[in-house]
Amino acid sequence: MKVLELDHVSMEFPDGDGVVMALDDVSFTVDGGEFVAVTGPSGSGKSTLLAVAGLLLTPTSGRVLLDGREVTGKRRSTRTDLRRNRIGFVFQQPHLLGSLTAREQLEMVARLSGDRSAAAKKRALSLLDEVGLSAVADRRPAALSGGQRQRVGIARALMNQPQLLLVDEPTSALDHDRGLAIIDLLRGLTVERGVGTVVVTHDLATLGEHDEVVRIVDGRISEPVAR
Ligand SMILES: Nc1ncnc2c1ncn2[C@@H]1O[C@H](COP(=O)(O)OP(=O)(O)OP(=O)(O)O)[C@@H](O)[C@H]1O
């Protein structure tokens, strides 16, 4: 089942008198349970691809489909709802709120969607357990390590039970072993939950953990890299 499809997507940005083709006729699919890496040089279009897949940018041409349904051209409010309910984002830095405990960071996601149910609270605890943080669920970010904070960010991204997980450079602030542990965690969650996961990464050491490695150069998908 395809959770994400980019169909001949191009994205142009104005640049002086001309344009930059940040994505140039990119076609790309991700299935549920698939763990895909996107790599490539700086400025090659990786962030743009994540932003288009995450419905934060509307491409200049081409189509974006989530769960087989076209979302390009839908109203802004529809795209916001889809983004909130179908897509989870994990950032380079987790941007946690200093005053909230790990558990509260997750509960807040449900509350923002109008869900104050006991089930949401239970889901928060069970997700923290899945990412190995049960013992520190009531700690605030200042009392967590960098790797633990990144795990809170991952659990938070899964709180609304998305089908698609978009991850931007999750290991860049971590040492090799902790980075690999985060990638292993993401891979396990991808398979267990059947979500499609796209990880943008420069971290060549972790590429072997992915089902597929997509390389972008100058906005175009190039030949698959050997793993
Ligand atoms: N909002 C924008 N306005 C103008 N040009 C942009 C904009 N966003 C990206 N670009 C250009 O599009 C191209 C692709 O940028 P993008 O950020 O997607 O690359 P990247 O592969 O994520 O780079 P990095 O690895 O350095 O984060 C670059 O030439 C960049 O300068």
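Under the annotation held in an unreviewed UniProt entry, the chain carries the name Putative ABC transport system ATP-binding protein and is attributed to Calidifontibacter indicus.

Draft legend 1. Just the overall build of the chain, in detail. A tally of helices and strands in the chain yields 6 helices and 10 strands. Principal-axis analysis of the C-alpha atoms places the extent of the chain at approximately 50 × 40 × 35 Å.

Draft legend 2. Expanded view of the sheet that holds strand 6 (residues 87-90). The strand order across the open sheet formed by 6 strands is 6-7-8-3-9-10, and the pairing between neighbours is mixed. Pairing within the sheet leaves two strands with one partner each, and these edge strands are strand 6 and strand 10 (220-221). With 4 bridges joining them, strand 3 (residues 35-39) and strand 9 (residues 212-217) adopt parallel strand pairing. Counterpart to Val-38 in the pairing with strand 9 is Val-214. In the packing of helix 6 (residues 176-193) onto the sheet, contacts are made with strand 3, strand 7 (164-168) and strand 8 (196-200), and the angle to strand 8 comes to roughly 160 degrees.

Draft legend 3. A look at unusual backbone geometry. We note that His-8 has phi near 50 degrees; this positive angle belongs to a residue other than glycine. Tracing the backbone shows His-8 in strand 1 (residues 2-15). One non-glycine residue, Asp-67, adopts positive backbone phi at about 50 degrees. Structurally, the position occupied by Asp-67 is in the loop between strand 4 (61-66) and strand 5 (69-70). The class of Asp-67 is partly exposed, set by 16 C-beta atoms lying within 10 Å.

Draft legend 4. Fine view of the environment of Met-159. By the secondary structure assignment, Met-159 is in the loop between helix 5 (146-157) and strand 7. On the basis of neighbour count, Met-159 is assigned to the buried category, with 21 C-beta atoms found within 10 Å. As for Met-159 and Ala-120, which are separated by 39 residues in sequence, their C-alpha atoms are 8.2 Å apart. Setting aside its immediate chain neighbours within four residues, Met-159 contacts Leu-106, Val-109, Ala-110, Arg-123, Ala-124 and Leu-127.

Draft legend 5. Region of the structure containing the sheet that holds strand 2 (residues 18-31). Pairing is antiparallel in the open sheet, where 4 strands are placed in the order 2-1-4-5. Taken across any chain shown, the strands that pair with only one partner, and hence form the sheet edges, are strand 2 and strand 5. Two elements, strand 1 and strand 4, share 5 bridges in a ladder whose sense is antiparallel. Residue Leu-6 lies in a different strand from strand 4, and its bridge partner there is Val-64. Its contacts with the sheet put helix 1 (residues 46-53) on strand 1, strand 2 and strand 4, and the angle it makes with strand 1 is roughly 125 degrees.

Draft legend 6. Up close: the site of the ligand. Close to the ligand lie Phe-13, Asp-15, Val-20, Ala-22, Gly-40, Ser-42, Gly-43, Ser-44, Gly-45, Lys-46, Ser-47 and Thr-48. Looking at the shell around the ligand, the elements with two or more residues in it are strand 1, strand 2 and helix 1.

Draft legend 7. Just the packing of helix 3 (residues 102-112) against helix 5, in detail. For the pair helix 3 and helix 5, the least separation of the axes is 9 Å and the interaxial angle reads 25 degrees. Regarding the angle of helix 3 to helix 5, the classification is roughly parallel. Handedness of the helix 3/helix 5 crossing: right-handed. Residues Ala-102, Gln-105, Leu-106 and Val-109 of helix 3 touch helix 5, and the partners they reach there are Val-152, Ala-155 and Arg-156. Each residue belonging to the contact of helix 3 with helix 5 can be placed in one class, and the counts come to 5 nonpolar, 1 polar and 1 charged.

Draft legend 8. Representation of the pairing of strand 3 in the model. With 5 of 5 residues buried, strand 3 is to be regarded as a mostly interior element. Burial along strand 3 is two-sided: Phe-35, Ala-37 and Thr-39 and Val-36 and Val-38, pointing in opposite directions, are all buried. Direction of pairing for strand 3 relative to strand 8: parallel, over a ladder of 4 bridges. By the bridge assignment for strand 8, Val-36 is matched with Val-198.

Draft legend 9. Seen up close, the confidence of the model for the chain. Scored by pLDDT, the chain comes out at a mean of 93, with 98% of its residues at no less than 70. If you check the scores for this complex, the pTM reads 0.93 and the ipTM reads 0.94.

What counts, and at which threshold
Note that residues are indexed from 1 along each chain, following the sequence as it is written. Thresholds applied to this predicted model are a pLDDT of at least 70 for local features of residues and 80 or more for the giving and counting of side-chain atom pairs; totals over whole chains, interfaces and linings are not thresholded and use all residues. Under the DSSP-based scheme used, a helix requires at least four consecutive residues in state H or I and a strand at least two consecutive residues in state E, with every element numbered from the N terminus. At least two DSSP bridges between two strands are needed for those strands to be called paired. Whether two residues are in contact is decided by their C-beta atoms, placed from the backbone, lying within 7 Å. All axes are obtained by fitting lines to C-alpha atoms, using only the stretch in contact for helices, and the reported angles, taken between N-to-C directions, cover 0 to 180 degrees. The exposure scheme places C-beta atoms from the backbone and then counts, for each residue, the other C-beta atoms within 10 Å of its own, assigning buried at 20 or more, exposed at 12 or fewer, and partly exposed in between. Here, nearness is defined through the C-beta atom: a residue counts as near a molecule or strand if that backbone-placed atom lies within 6 Å of it. These descriptions rest on fixed angle ranges, namely under 35 degrees for roughly parallel, over 145 for roughly antiparallel, 65 to 115 for roughly perpendicular, and the rest for oblique. Should the near helix be turned anticlockwise from the far one by less than a right angle, the crossing is left-handed, and should it be turned clockwise, the crossing is right-handed. Residues are grouped as follows: Ala, Val, Leu, Ile, Met, Phe, Trp, Tyr, Cys and Pro are nonpolar; Asp, Glu, Lys and Arg are charged; all remaining types, including Gly, are polar. Known as pLDDT, the predictor's per-residue confidence is scaled from 0 to 100.

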